[in-house]
Amino acid sequence: DADVSEGALRAFYRAESERFRSAPRRKLRHVLAATEDEARAVIDAVVAGQSFAEVATARSRDEQTRAQGGALGWVPRGVMVTAFDEAAFALPAGQVSAPVKTSFGWHVILVEEIDPGSLPPFELIAEQVKDALVRSHVEALTRRLIGPDAIAIDRDALESVK
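The numbers attached to residues start from 1 for each chain and follow its sequence in the written order. Local features in a predicted model are, by the rule used here, given only for residues with pLDDT of at least 70; side-chain atom pairs are given and counted only at 80 or more, and totals for whole chains, interfaces and linings are based on all residues. Note that water and hydrogens are dropped before the side-chain values are worked out from all heavy atoms of the structure.

(A) How the structure looks around the packing of helix H3 (residues 36–47) against helix H4 (residues 52–59). Axes here mean lines fitted to C-alpha atoms, for a helix over just the part in contact, with angles spanning 0 to 180 degrees between N-to-C directions. Numbered from the N terminus, helices here are DSSP runs of H or I no shorter than four residues, and strands are runs of E no shorter than two. Following both chains from N to C, one finds H3 and H4 inclined at 145 degrees, their axes separated by 9 Å at the closest point. Crossing hand, H3 versus H4: right-handed. On H4, the residues that touch Ala41, Val42, Ala45 and Val46 of H3 are Phe52, Val55 and Arg59. Partitioned by chemical class, the residues of the contact of H3 with H4 number six nonpolar, no polar and one charged. Here a crossing is called left-handed whenever its near helix is offset anticlockwise from the far helix by less than a right angle, and right-handed whenever the offset is clockwise. Throughout, a residue-residue contact means that at least one pair of heavy atoms, one from each residue, lies within 4.5 Å. Residue polarity follows a fixed list, in which Ala, Val, Leu, Ile, Met, Phe, Trp, Tyr, Cys and Pro are nonpolar, Asp, Glu, Lys and Arg are charged, and the others, Gly among them, are polar.

Encoded structure:
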């Protein structure tokens, strides 16, 4: 019995907009170093004018990203180990981190771009909104049906069937 008219869907979309918003993410590069001193040398080279990508290609111990200049691409919050994640999401765009210690070694992180998350236009996700609205109605109905007073078992009637 859920109302799935366009008006109802748009109202649900507005009321539950955070449900449909994409997660914040950062476009990152990094250099993995074995020691804090190596990480500080990376920062010094970047401050002296070398491009971060060149430094990453020459010095990073991360074999998966070294050839791409340390590029990690777009990374949402919560994907990387905690210390790395906290450092990356604390930096503004264009900024290089101080050395960050993780179980992998010492990282120097560059935040290239920031995407704070966005709400797609209703027209692009109308079917997703409809599915979410219907699910929401089913969940509410289920809660009512299995609530503490919704179901009563007549033990005498059950015994009489035996």
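There is more to say after this.
(B) The side chain of Asp62, seen in detail. Looking at the secondary structure, you find Asp62 in the loop between H4 and strand E2 (71–76). For every residue, the accessible area obtained with a 1.4 Å probe (protein chains only) is divided by the maximum for its type, and the residue is called buried under 20%, exposed over 50%, and partly exposed between those limits. By the counting rule applied here, Lys and Arg register as positive and Asp and Glu as negative, while His and the ends of each chain are not counted. Here, a salt bridge means any side-chain nitrogen of Lys or Arg that lies within 4 Å of a carboxyl oxygen of Asp or Glu. Buried charge without a salt bridge: Asp62, with Arg66 as the nearest opposite-charge side chain at an N-O distance of 7.8 Å. Contacts described as polar in this section are N or O atom pairs within 3.5 Å, which, within protein, must combine one atom able to donate a hydrogen with one able to accept it, while residues neighboring in sequence count only if both atoms come from side chains. There is a polar contact of 2.8 Å between the side chain of Asp62 and the side chain of His30. Separated by 3.0 Å, the side chain of Asp62 and the backbone nitrogen of Gln64 make a polar contact.

(C) Layout of the environment of Tyr13. In this structure, Tyr13 sits in helix H1 (residues 6–15). A relative accessible area of 11% places Tyr13 in the buried class. Separated by 70 residues in the primary sequence, Tyr13 and Ala83 place their C-alpha atoms 35 Å from one another.

(D) The sheet that holds strand E3 (residues 100–102), seen in detail. With respect to topology, four strands assemble into an open sheet ordered E2-E1-E4-E3, the strand pairing being antiparallel. On the outer flanks of this sheet lie E2 and E3, each paired with one strand and no other. For this sheet, the mean inter-axis angle between neighbouring strands, taken without regard to orientation, is 45 degrees. The pairing of strand E1 (residues 25–33) with strand E4 (residues 105–115) spans nine bridges and is antiparallel. The residue bridging His30 from the neighbouring strand is Ile109, located in E4. Strand contacts of H3: E1 and E4, with the helix running at about 40 degrees to E4, the strand carrying the most contacts. When DSSP finds two or more bridges between a pair of strands, those strands are recorded as paired.

(E) Just the nonpolar core, in detail. Side-chain atoms within 4.5 Å are what join buried Ala, Val, Leu, Ile, Met, Phe, Trp, Tyr and Cys residues into a set we call a nonpolar core. Grouped together as the largest cluster of nonpolar side chains are 13 residues, with contacts concentrated most on Val31, Ala39, Val42, Phe52, Val55 and Val108. Every element with two or more residues in this core is listed here: E1, H3, H4 and E4. Top contributing element to this core by residue count: H3, with five residues. Leave out the neighbours within four places in its chain, and Val108 touches Arg29, His30, Val31, Ala39, Val42, Ile43, Phe52, Val96 and Ser97.

(F) Up close: the pattern of salt bridges. What the rule picks out here adds up to nine salt bridges. The shortest N-O distance in the salt bridge between Glu112 and Arg29 comes to 2.7 Å. Of this pair, Glu112 sits in strand E4 while Arg29 sits in strand E1, placing them 83 residues apart in sequence. The residue Glu36 makes a salt bridge to Arg40 at a minimum N-O spacing of 2.8 Å.

(G) Highlighting the packing of aromatic side chains. Stacked, edge-to-face and tilted labels apply to pairs of Phe, Tyr and Trp rings (six-membered ring for Trp) whose centres lie within 6.5 Å, assigned for plane angles under 30 degrees, over 60, and everything in between, in that order. Overall, the coordinates contain three aromatic pairs when judged by the stated rule. Ring geometry for Phe12 against Phe20: centres 6.3 Å apart, planes inclined by 70 degrees, an arrangement best described as edge-to-face. Comparing Phe12 with Phe20, the two get one shared label, buried. Two conditions define a charge sitting above a ring: the NZ of Lys or the CZ of Arg must be within 6 Å of the ring centre, and it must be within 35 degrees of the ring normal. The cationic tip of Arg25 hangs over the ring face of Trp74; the distance from NZ or CZ to the ring centre is 4.2 Å.

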